[in-house]
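For reference, the chains in residue letters:
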Amino acid sequence: MHIRYHCRSKFRECGVMGYQGVGRLRSAVLLGLVCCACQGAWAQEVRSGTLKSVQGNVQVGKGEVLRPAAPGGGVAEAERIVTGPQGSAMLLLRDGTQITIGPNSQVDITRFQFDATTQTGSLTVQVLLGTIRMVTGLLGKLQPDNVKVQTPSSTVSVRGTDFIVEVP
C-alpha cells in the first residue's frame, strides 16, 4: 500500500504510514530531540561539582536512592556522598573548592549556589560521619561568611582555606 504525502511542494510516496503518520513521527522525533537538549542543559545547571577521583566503594544520591560514583560523575546540591571502609573520593566544586572524603564517611552537599560571573554564592557541607579535608575555592576566599560546615553537634563558619573535619 503506497500513500502520498506533500513535502515542500512535491509529492512523495510512503509505504506503511500515511500523511498523518509521517507528520506524527516527525513531531515525535522533534519533541524527543528538544527534550534531550533541555535535559542536558538542566543537568549542567544543577551540577555543583565533579568527582575527580574515586577509590573503593563510593556512592552518590539523595535519600535511599544511591548510584555508584565514578570519576567524572556529577554531584548536585542536596546529594549525599557515601564511602565504604576502603572508599575515598575527591570532589571539585564549580568555584574551585576541593573536598576530599575519607573512608566510612557520609557527606551532604546541603547547599551550593555559585554565580561564576559575579563570583558570589554560598556553600554548606554537612559531615554526618567520617572525615573530610576541604580546600576552599572562590567562595571561601571572597565570601568566607557564606561557607559553612555542619556536623551533628555544631555549625562552623569557615575562616581558613585548608582544614580537616572529623566526625566519629
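The structure contained in this document is the topic of the report that follows. (Residues numbered from 1 in each chain as written. Predicted model: local features only at pLDDT ≥ 70, side-chain atom pairs only at ≥ 80, totals over all residues. Heavy atoms only, no water.)

1. Some words on the packing of aromatic side chains
Describing an aromatic ring pair means giving the distance of the ring centres and the angle of the ring planes.
Part 1 of the argument: Evaluation of the coordinates by the stated rule reveals one aromatic pair.
Part 2 of the argument: On the basis of an interplanar angle of 35° and a centroid distance of 6.4 Å, the ring pair of F112 and F114 is categorised as tilted. Residues F112 and F114 agree in their burial class; the two are buried. (Phe/Tyr/Trp six-rings, centres within 6.5 Å; stacked < 30°, edge-to-face > 60°. Buried < 20%, exposed > 50% of the residue type's maximum accessible area, 1.4 Å probe, protein only.)

2. Section: the nonpolar core
Part 1 of the argument: In terms of nonpolar packing, the biggest core is built from 28 residues, with L51, I99, L123, V125, I132 and M134 touching the most fellow members.
Part 2 of the argument: Of all elements in the fold, only β3 (47-55), β4 (58-62), β8 (88-93), β9 (98-101), β10 (106-115), β11 (120-135), β12 (147-151) and β14 (162-167) reach the threshold of two or more residues within this core.
Part 3 of the argument: Ranked by residues supplied to this core, first place goes to β11 with five residues.
Part 4 of the argument: Setting aside residues no more than four positions away along its own chain, M134 makes contact with T97, Q98, I99, L123, V125, V147, V149, T161, D162 and F163. (Core = buried A, V, L, I, M, F, W, Y, C linked by side-chain atoms within 4.5 Å. Helix = DSSP H or I, 4+ residues; strand = E, 2+ residues; numbered from the N terminus. Contact = heavy atoms within 4.5 Å.)

3. Some words on the environment of I109
Part 1 of the argument: Residue position: I109 is located in strand β10.
Part 2 of the argument: Given the relative accessible area of 0%, I109 is considered buried.
Part 3 of the argument: The contact partners of I109, leaving out residues within four places of it in the chain, are V75, A76, E77, A78, E79, L91, I99, T124 and V125.

4. Let's talk about the pairing of strand β7 (residues 80-83)
Part 1 of the argument: Two elements, β4 and β7, share four bridges in a ladder whose sense is antiparallel. Looking at the pairing, G61 lines up with R80 of β7.
Part 2 of the argument: Both β7 and β10 contribute to a ladder of three bridges, which runs antiparallel. Opposite I81, over in β10, you have V107 as the bridge partner. (Pairing = 2+ DSSP bridges.)

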